[in-house]
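Below, each chain spelled out in residue letters.
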Amino acid sequence: MHAKLDPPSLESVLGSASAVAAGRLAGAGPAGRLPLTPDMLREEPSGNVFGLTQNVGMGWSPASLDGPQYVIVSTHGGLRSEDGSPVALGYHTGHWEIGLLVRAAAETLRAAGAVPFAAYCSDPCDGRTQGTTGMFDSLPYRNDAAVVMRRLIRSLPTASGVIGVATCDKGLPATMLALAGCGELPGVIVPGGVTLPAIGGEDAGQVQSLGARFAQDLVSLDYAATMGCRACGSAGGGCQFLGTAATSQVVAEALGLALPHSALAPSGEPVWLELGPRSASALLRLHALGIPIRRILTQHALENAMLVHAAFGGSTNLLLHIPAIAHAARLSPPTLDDWIRVNRATPRLVDALPNGPRGHPTVQVFMAGGVPEVMLHLREMGLLHGDVLTATGDTLDATLDWWQASERRRAARARLTAAAAVAPDDVIMGPDAARRAGLTSTVVFPVGNLAPEGAVIKATALDPSVVGADQVYRHRGPARVFVDERDAIRAVKGATERPIRAGDVIVLIGNGPSGTGMQETAQITTALRYLPWGKHVALLTDGRFSGFSSGACVGHIGPEALHGGPIGRLRDDDLIEIVIDRGTLTGSVNLVGAAGQPLDRAACTALLEQRAAHPGLAPHPALPADTRLWAALQRVSGGTWAGCVYDVDRIVAALEAGLKLTKETT
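Residues numbered from 1 in each chain as written. Predicted model: local features only at pLDDT ≥ 70, side-chain atom pairs only at ≥ 80, totals over all residues. Heavy atoms only, no water.

Next up on the list: the side chain of His 261. Position of His 261 among the secondary structure elements: in the loop between α10 (244-254) and α11 (270-273). The residues contacting His 261, other than those within four sequence positions of it, are Glu 253, Arg 278, Phe 366, Gly 369, Gly 370, Pro 372, Trp 403, Arg 408 and Ala 412. (Helix = DSSP H or I, 4+ residues; strand = E, 2+ residues; numbered from the N terminus. Contact = heavy atoms within 4.5 Å.)

This part covers unusual backbone geometry. Gly 356 connects to Pro 357 through a cis peptide bond whose omega is 15°. Within the element layout of this structure, Pro 357 appears in the loop between α16 (336-345) and α17 (362-367). Gly 558 connects to Pro 559 through a cis peptide bond whose omega is 0°. Its place among the elements puts Pro 559 in the loop between β12 (553-555) and β13 (575-581).

A pair of packed helices is captured by two measures, namely the crossing angle of their axes and the spacing between those axes. At a closest axis distance of 11 Å, the pairing of α10 and helix α15 (residues 318-328) adopts a crossing angle of 35°. Considering only the axes of α10 and α15, their crossing is right-handed. Where α10 abuts α15, its residues Thr 244, Thr 247, Ser 248 and Val 251 lie against Leu 318, His 321 and Ile 322. Its residues assigned to classes, the contact of α10 with α15 comprises three nonpolar, four polar and no charged. (Axes fitted to C-alpha atoms, helices over the stretch in contact; angles between N-to-C directions. Left-handed = near helix turned anticlockwise from the far one by under 90°. Nonpolar A, V, L, I, M, F, W, Y, C, P; charged D, E, K, R; others polar.)

Our focus in this paragraph is the sheet that holds strand β1 (residues 69-74). Note on sheets: strands pair through backbone hydrogen bonds, and any given pair is parallel or antiparallel. Strand order across the open sheet formed by four strands is β4-β1-β5-β6, with parallel pairing between neighbours. In the strand order of this sheet, the two ends are held by β4 (115-120) and β6 (187-191), each with one partner. Each adjacent strand pair in this sheet contributes to an overall mean axis angle of 20°, direction not counted. In terms of strand pairing, strand β5 (residues 159-166) meets β6 through five bridges, oriented parallel. Opposite Val 162, over in β6, you have Gly 187 as the bridge partner. (Pairing = 2+ DSSP bridges.)

Here β1 lies mainly inside the structure; six of its six residues are buried. Going residue by residue along β1, you find Gln 69, Val 71 and Val 73 tucked away on one face and Tyr 70, Ile 72 and Ser 74 tucked away on the opposite face as well. Note: β1 against β5, six bridges, orientation parallel. When the bridges of β5 are listed, Ser 74 appears paired with Val 165. Where β1 meets β4, six bridges bridge the pair, whose relative direction is parallel. Counted as the bridge partner of Val 71 is Phe 117 from β4. (Buried < 20%, exposed > 50% of the residue type's maximum accessible area, 1.4 Å probe, protein only.)

Put into structure tokens, the structure is as follows:
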């Protein structure tokens, strides 16, 4: 795929004598005096004094050292020249421009007399790693990055507050986890915004299906090359659809950690550029008012975020991230009953990619009013906790009162109408209008003999044409079992002796935490979305799927196959039945036959109990040791339904019990 480069000369590698001869052996050191006092020298830790030495060593004026210190932690990636052109690429557009937000926030803090610090922990791209072994590090990265960010924040013990700037699928959840774990500090999240849609191009989700469409002779090579090049309408921001990146931004604002009308702002545009100064001012205000993160991130704030997630029809990956945020903040994580209750309370109110029916890009959702507009509807429905505090330092009710009468709201909605000929109320609807448009609640948690511990489906993403008039999706078809995602996508592309056909049920096993680090199956689900017959194919997996996925994609199936889950005992041509009721938010996933022949319930139960695991079931041979460790730690901490967290008390208890048993055995 890549051109081979000629090797540089050995001389260019070994170095020159002239560079050595020109080098200095000492420097003058900064001029001036540190603002030290006798009490500081007697009482302060040596690290605090040495920190001042380091500050002036980096060029900060000794006369400007006495202001409050704030840390800005971000996922910025890549290296840009002064004109914005790339010197070294980042992994994705989502972290490419957020250095501009970091700089603007720092300048605002400095102008106020504060001393800003910037620290970085960049993030991977889930789109770039789809279908590769790079995906084995995706979800585990979230925990590692949160740990690193918290360590960076705590490593500036003189910090008076923290700003977190991030955009995408794992970087923004990691940043929220980090700030949630630093609850005694004031803090603000700055969502890094979204990419503009490209004029005359496909969006960043649709282009991920080009390979499957080309393999099925649906597009030409020239079309694929052109559309693949054109997908990003701006150099920065998360993808243009309501996937995990966009949903995480929405949740950050709904939690009260981000400023009102900040999620989904178009990267690089004036309304995005102002987020740095606005957020820095908010941090200064929170510090002055004595409002730390723990007073914002409360149990009621958590429920507000769950309601907004349901109303947006957001990514099911947040079912992993919201419990993890709760755990980091020492709140009670939502239970399955909590999720069901919240999703029964509200239908989806937002018509955004990939859910439809029209599928507006995220920038249009922002211009229609974004999170505060949705919250207005939720408040009118009597669902929100309006007394919670937000990053403004005021209550949510006060913020929504401002939004409802604000010139900003009028300007944004007018701009959407004028520039895109889109009515704001067709993008963000009231509950009655949403129901009339066929929008239903977001997630369903099916159970059955293949998912005794439960599963997840984004029911709002089912194609309406395969859902009955009674709002029930019913599918019965033969299993096509795969232990390697690469084999499954080849079958979807028609490159195998028995390709995937309409009516099949793809079963991807060994895809959970212990097999692949719970990789996403987005290259499969995205392909199915854009193949004409794809809506007639279902997918079952103990892994997860992207927020962009649509159709009958049932993931998070528990227990995972490698830990005895019955999904790991399926074979080709077993009969699978999936029933999803979008009215009652109930569903089932069951084995109903074998070798193409129906069996009664008792026979299916007996078959699953007696049958051995699939002969190909095993952890992926390329699974990194780092990810194996993550899988073990999160498993003993409660597993995927607890958010794949590290519960230190449970881990320590398990280790102590294991050590005791080992000692007794020895």
